[in-house]
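One letter stands for each residue in the lines below.
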Amino acid sequence: MFLSSCRNVDPELNFYIATSGQYSLPANTVVNVPLSDTIANIATNSQAIFSNNNTRADLLSEITLSNLSLELINPIDGNFNFVEAITVYINAEGLPEKQIANIVEPDPNVRQIFLQINGADLQDYLIKSKYSMRVVTITRAFLLNAVDIELNSRFLVKAKPLD
């Protein structure tokens, strides 16, 4: 005897939204003091991305940060040996600031670091046309010269498709 069961399972789409921005840390002679800089007006292009992926904002189930990296742009021969800890926050108009990633004591000898993400649902922020990220860095060494850093983020979008 052969038994079979059919379930109508709603398909779910998975795709990514990638964004990036640059910020700077000024030269300074303090350590163990938080230095903060904001990357403002990061465009999401979310409505176009949703449309290109056959969905829209009201069909989202969640958007989570899947990857966040920081890459040292300047000085060219520098590394992250000055960093004790970094925390990244997201903010958008009408929404509270929310911590999304951090790292404590990263590898000091590299030009790129990957932060630990906290898995928060960020769809309220990413359905907006733009958002900001605030980066708080605690240094363990003096910065004799300004440092330029590129922040690259990748968000995983889960949504139902259009009918």
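In this report, we go over the structure that sits alongside the text. (Residues numbered from 1 in each chain as written. Predicted model: local features only at pLDDT ≥ 70, side-chain atom pairs only at ≥ 80, totals over all residues. Heavy atoms only, no water.)

## Section: the packing of aromatic side chains
As enumerated under the stated definition, the model contains 3 aromatic pairs in all. Consider the rings of Phe-15 and Phe-50, whose centres lie 6.4 Å apart with planes at 70°: the pair is edge-to-face. Residue Phe-15 is located in strand β1 (residues 13-25), and its partner Phe-50 is located in helix α1 (residues 46-52); the two are separated by 35 residues in the primary sequence. Given the relative accessible area of 7%, Phe-15 is considered buried. Seen from the ring of Tyr-89, Arg-134 lies directly overhead, with NZ or CZ sitting 4.6 Å from the centre. Directly above the aromatic system of Tyr-16 lies the positively charged group of Arg-154, at a separation of 3.5 Å from the ring centroid. (Phe/Tyr/Trp six-rings, centres within 6.5 Å; stacked < 30°, edge-to-face > 60°. Helix = DSSP H or I, 4+ residues; strand = E, 2+ residues; numbered from the N terminus. Buried < 20%, exposed > 50% of the residue type's maximum accessible area, 1.4 Å probe, protein only. Lys NZ or Arg CZ within 6 Å of the ring centre and 35° of its normal.)

## Points about the side chain of Ser-46
Position of Ser-46 relative to the elements: it lies in helix α1. Apart from the residues lying within four places of it in its own chain, the contact partners of Ser-46 are Ile-17, Leu-126, Ile-127 and Lys-128. (Contact = heavy atoms within 4.5 Å.)

## Some words on the pairing of strand β4 (residues 83-91)
Each regular strand displays side chains that alternate between the two surfaces of the sheet. With respect to burial, β4 is a largely interior element, 7 of its 9 residues being buried. Inspection of the sheet shows β4 paired to strand β8 (residues 130-139) by 8 bridges, in the antiparallel sense. By the bridge assignment for β8, Thr-87 is matched with Val-136. Strand direction decides the pairing type here: β4 and strand β5 (residues 98-104), joined by 6 bridges, are antiparallel. Its bridge partner lying in β5, Ile-90 is registered against Lys-98. (Pairing = 2+ DSSP bridges.)

## Remarks on the sheet that holds β5
Pairing is antiparallel across the open sheet formed by 5 strands, whose spatial order is β2-β8-β4-β5-β7. The open sheet is flanked by β2 (34-43) and β7 (116-117), the only strands paired with a single partner.

## A word on unusual backbone geometry
A negative phi holds for most residues other than glycine; trans holds for most peptide bonds. The amide bond that connects Asn-74 to the next residue, Pro-75, takes the cis arrangement and shows omega of 10°. Assignment of secondary structure puts Pro-75 in the loop between β3 (60-74) and β4. Phi is positive for Asn-45, which is not a glycine, with a value near 55°. Inspection of the secondary structure assignment puts Asn-45 in the loop between β2 and α1. Using a relative accessible area of 54% as the deciding quantity, one classes Asn-45 as exposed.

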